[in-house]
Amino acid sequence: MSASLRVPAAPPPVGSPGAATALLEAYRPGTDRFLATPRHTLLGSGTTAAVPHDARPLTLRVREVLDGARRAGGPAPVVVGSVPFAPGGVAALAVPETVRWAAALRADPLIALHRPDAGQGDDWRIREVPAAEEYSAAVAAAVERMRAGEFDKVVLARTLELTSARDLDLPAMLSRLARRDPDGYTFAVPSGPGRTLLGASPELLVARRGDRLVANPLAGSAPRSSDLAEDVRRAAALLDSPKDLHEHAVVVDAIREALAPFCVRLDVPERPTLVRTAAMWHLSTTLTGELRDPSSTALDLASALHPTPAVCGTPTEVARQVIADSEPFDRGAYTGMVGWQNADGDGDWVVTIRCAEAEGRTLRLFAGAGVVAESSPAAETAETGAKFRTFLSAVGAAL
């Protein structure tokens, strides 16, 4: 029941069967940038140029770095990396020395043949930040304020801090994430000195190919069940849930409003469909459009959308303040965006969810839930627990 993303052709995937899994297995932390999408697989190695951090708009800085790399006469340059949630935060974007492309992992028959051991086993100390009870109380406080009319929606997150007595096996974690959900967006990129951002997001923020764009917001979720009948029941209930349909409509309306000025045509389905991952069902809408100005890049579009109500709330500035007041941690790259863009402006930008940041022997996992006036604190807390399962399964840990 997954939505079909009708994106015009990406850079041509190359290689025989096994090429995509070969790139996955070739990934090395620290020096490499890996991104797998439903269209293609990318592995960038080394760094030719990093996008600087200064007061200029990020889109301008990226354009200048790509133009400079193209003038230098090397291979077709691509910027790869992540952009944080906070406005004005430091983006971790760079032009790799080499970029290799392959077909999508989901089209590679070898992706189903081998799943490496999680590596860490039960060797984890786990700390919840905040504790589930505190998170539930923050949701209840937000619901009370929404019912009083202060704002319409906020997305509240919590984290798990996992610490191991052994070095982290990031390639094995990445491989398990990719093999668990090969239809999604799997990534591993440097996020700062000694830090790596990795995850498996189900949500495309925006893709641009020439004068065509696609956006695929997800909002409204339900955990999967191992029992087939129950799993189908949950999917059907999600499609008929007034609370989740309202939450989804808020996000789609915001996406439509942000993209409309860029488009001569923007098609928006009337009702959502379903997207499934290994852990969750999501309400999904695929918007397609034709650009008014072909010089508008993928990052221009993504920056106009970021942050959507699916990861922040509405009104945006009020929701940002509620997040700052309610979450006892810095989101960093979580609920930012991760992706690539070439010198022609084509690219894919993905919402940075179902992710963790690795530093030393510690992993910080993130999960959030959209809170509206009809939300139940217990249900939203359970939803974040279900979302944690994507990454916990990749590292051999459990709550």
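See above for the structure.
Parameters at a glance
- Residues numbered from 1 in each chain as written.
- Predicted model: local features only at pLDDT ≥ 70, side-chain atom pairs only at ≥ 80, totals over all residues.
- Heavy atoms only, no water.
- Core = buried A, V, L, I, M, F, W, Y, C linked by side-chain atoms within 4.5 Å.
- Buried < 20%, exposed > 50% of the residue type's maximum accessible area, 1.4 Å probe, protein only.
- Helix = DSSP H or I, 4+ residues; strand = E, 2+ residues; numbered from the N terminus.
- Contact = heavy atoms within 4.5 Å.
- Pairing = 2+ DSSP bridges.
- Axes fitted to C-alpha atoms, helices over the stretch in contact; angles between N-to-C directions.
- Parallel < 35°, antiparallel > 145°, perpendicular 65-115°, else oblique.
- Left-handed = near helix turned anticlockwise from the far one by under 90°.
- Nonpolar A, V, L, I, M, F, W, Y, C, P; charged D, E, K, R; others polar.
- Phe/Tyr/Trp six-rings, centres within 6.5 Å; stacked < 30°, edge-to-face > 60°.
- Lys NZ or Arg CZ within 6 Å of the ring centre and 35° of its normal.

Novice: So, the nonpolar core: which residues are in play, and what are the values?
Specialist: One finds L58, V62 and L93 to be the most contacted residues of the largest nonpolar core, which totals 57 residues. In terms of nonpolar packing, the next biggest core, distinct from the first, is built from 34 residues, Y27, L43, A102 and A188 among them.

Novice: Could you give an account of the environment of L23, with specific residues and numbers?
Specialist: Relative to the elements of secondary structure, L23 occurs in helix α1 (residues 19-26). Taking the relative accessible area as the measure of exposure, L23 reaches 5% and is therefore buried. For L23 and T163, which are 140 residues apart along the polypeptide, the C-alpha to C-alpha distance reads 28 Å. Residue contacts for L23: discarding those within four places in its chain leaves F34, T41, L43, R100, W101 and A102.

Novice: With reference to specific residues and values, describe the sheet that holds strand β16 (residues 280-284).
Specialist: The strands that make up a sheet pair up through hydrogen bonds in the backbone, lying either parallel or antiparallel. What the three strands build is an open sheet, ordered β13-β16-β15; its pairing is antiparallel. Strands with a single pairing partner mark the edges of an open sheet, and in this sheet they are β13 (218-223) and β15 (273-276). Averaged over all pairs of adjacent strands, the angle between their axes in this sheet comes to 30°, without regard to strand direction. Here β13 runs beside β16; their pairing, made up of four bridges, is antiparallel. Residue P223 lies in a different strand from β16, and its bridge partner there is M280. Packed on one face of the sheet, helix α6 (residues 242-259) meets β13 and β16 and runs near 150° to β13. The strands that helix α9 (residues 377-395) touches are β13 and β16; relative to β13, the one it contacts most, it runs at about 90°.

Novice: Help me get a handle on the packing of helix α2 (residues 58-71) against helix α7 (residues 298-305), residues and values and all.
Specialist: Look at α2 against α7: their axes get within 10 Å of each other, and the N-to-C directions meet at 165°. Compared by their axis directions, α2 and α7 come out roughly antiparallel. Judged by the sense of rotation from one axis to the other, the crossing of α2 with α7 is right-handed. On the side of α2, the interface is formed by L58, T59, V62 and R63, while α7 contributes L299, D300 and S303. Residue classes in the contact of α2 with α7 are distributed as three nonpolar, two polar and two charged.

Novice: Can you break down the packing of aromatic side chains residue by residue, with the values?
Specialist: Centre-to-centre distance and the angle between the planes together describe a pair of aromatic rings. Scanning all chains against the criterion turns up three aromatic pairs. Ring pairing ties together the aromatic residues F329, Y334 and F366, which thus form one cluster. When the ring centre of Y135 is taken as origin, the NZ or CZ atom of R158, which lies over that ring, is 5.8 Å away. The ring of F85 carries R331 above its face, with NZ or CZ at 4.6 Å from the centroid.

Remember, this is a structural readout, not a statement about activity or role.
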